[in-house]
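Inside the fold
The primary structure of each chain is shown beneath.
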Amino acid sequence: MGLFATGVCVVSVKSSDGTVTAMTVNSFVSISLDPMLVSWSLQNASSQFDLYTSAERFAVSILGEGQAELARRYAARGDSQLRSDDFVSGKFGLPVINGALAHLECRRWSDYTAGDHTLIFGEVLGMSASTASETGSPLGFFNGQFCSIGS
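In what follows, the accompanying structure is described. Since we're looking at a predicted model, the values are computed, not measured.

Focus: the nonpolar core
Across soluble globular proteins, nonpolar side chains have a tendency to be buried as a group. Core analysis: the biggest nonpolar cluster contains 17 residues, and Val11, Trp40, Leu42, Tyr52 and Phe58 have the highest contact counts within it. Mapped by element, the contributors of at least two residues to this core are β2 (9–14), β3 (20–25), β5 (36–43), α1 (49–54), β6 (57–62), β9 (102–114) and β10 (117–129). Each residue touching Tyr52, except ones within four places of it in the same chain, is listed here: Val11, Ser12, Val13, Thr21, Ala22, Met23, Trp40, Leu42 and Ile120. In terms of nonpolar packing, the next biggest core, distinct from the first, is built from twelve residues, Val10, Ala22, Phe87 and Leu139 among them.

The structure is reproduced here in structure tokens:
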């Protein structure tokens, strides 16, 4: 499956006490335009499984090619080295990655168990995008390595 190139995102949630949790994913997909739905998958054995599957809202930040180090940081197993300056507050108060290509703020729509992962579906409440001149090309993942997805 590593020969299928994907984009790279960070999915983040904010708990009721204000704690931010974030993880890098490359399973993000657009599902529907009406209503606007997206999905991503979470490993059932993840240490953050309960946190993400119980969150009523989550944010997806689509990363640019210059954000590979940030993607590695939030791909770490267990406690990642969360940096508060990586995040800004989105329109709906969710933590989004500062300088990402685009942000989507979502309300959890449903979950679906699929083998050793759970698909988490979200209804997009709002989205924003940076201009291409500010951010460059998207960050990709191919054959176990980060790459640039040129235009």
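The discussion continues.
A few points about the pattern of salt bridges
Two side chains that carry opposite charge are able to pair once their charged atoms sit near each other. With the rule as written, the count across this model stands at five salt bridges. For Asp86, the salt bridge identified is with Arg73, shortest N-O distance 3.0 Å. Within this pair, whereas Asp86 is found in the loop between α2 (68–75) and β7 (87–89), its partner Arg73 is found in helix α2, the two being separated by 13 residues in sequence. For Arg73, a relative accessible area of 12% puts it in the buried group.

So, the packing of aromatic side chains
Evaluated as defined, the whole model comprises four aromatic pairs. Consider the rings of Trp40 and Tyr52, whose centres lie 5.4 Å apart with planes at 80 degrees: the pair is edge-to-face. One end of the pair, Trp40, is in strand β5; the other, Tyr52, is in helix α1, and twelve residues separate them in sequence. Here the two residues Trp40 and Tyr52 agree in accessibility, since each one is buried. Aromatic pair Tyr74 and Phe87: ring centres 5.7 Å apart, planes at 65 degrees, arrangement edge-to-face. Here the residue Tyr74 occupies a position in helix α2, and Phe87 occupies one in strand β7, the gap between them amounting to 13 residues. The same class applies to Tyr74 and to Phe87, which are both buried. Counting every residue linked through ring pairs, the aromatic cluster contains Trp40, Tyr52 and Phe58.

Focus on the sheet that holds strand β11 (residues 139–142)
Strand pairing in a sheet is mediated by backbone hydrogen bonds. Such pairs are either parallel or antiparallel. Read from one edge of the open sheet, three strands run β1-β11-β12, paired in antiparallel fashion. Two strands lie at the open edges of the sheet, namely β1 (6–7) and β12 (145–148), each paired on one side alone. Relative to β12, β11 runs antiparallel, the two being bridged by four bridges. Residue pairing for β12: Leu139 is matched across the bridge by Ser148.

Thoughts on the sheet that holds β6
Ordered in space as β3-β2-β6-β9-β10-β5-β4, the seven strands form an open sheet in which the pairing is antiparallel. Among the strands making up the open sheet, the edge pair consists of β3 and β4 (29–33). Averaged over all adjacent pairs, the angle separating strand axes in this sheet is 35 degrees, with direction ignored. Sheet strands touched by α2: β2 and β3. Its angle to β3, the strand with the most contacts, is close to 110 degrees.

As for the pairing of β9
As judged from the six bridges shared by β6 and β9, these two strands associate in the antiparallel manner. Note that in β9 the partner of Arg57 across the bridge is Arg107. Pairing of β9 with β10, which is carried by twelve bridges, proceeds in the antiparallel orientation. Looking across to β10, one finds that Ala102 is bridged to Ala129. What sits between the antiparallel neighbours β9 and β10 is a turn of two residues, in which Gly115 has the positive phi angle 65 degrees.

What counts, and where the lines are drawn
- Residues numbered from 1 in each chain as written.
- Predicted model: local features only at pLDDT ≥ 70, side-chain atom pairs only at ≥ 80, totals over all residues.
- Heavy atoms only, no water.
- Core = buried A, V, L, I, M, F, W, Y, C linked by side-chain atoms within 4.5 Å.
- Buried < 20%, exposed > 50% of the residue type's maximum accessible area, 1.4 Å probe, protein only.
- Helix = DSSP H or I, 4+ residues; strand = E, 2+ residues; numbered from the N terminus.
- Contact = heavy atoms within 4.5 Å.
- Salt bridge = Lys/Arg side-chain N within 4 Å of Asp/Glu carboxyl O.
- Phe/Tyr/Trp six-rings, centres within 6.5 Å; stacked < 30°, edge-to-face > 60°.
- Pairing = 2+ DSSP bridges.
- Axes fitted to C-alpha atoms, helices over the stretch in contact; angles between N-to-C directions.

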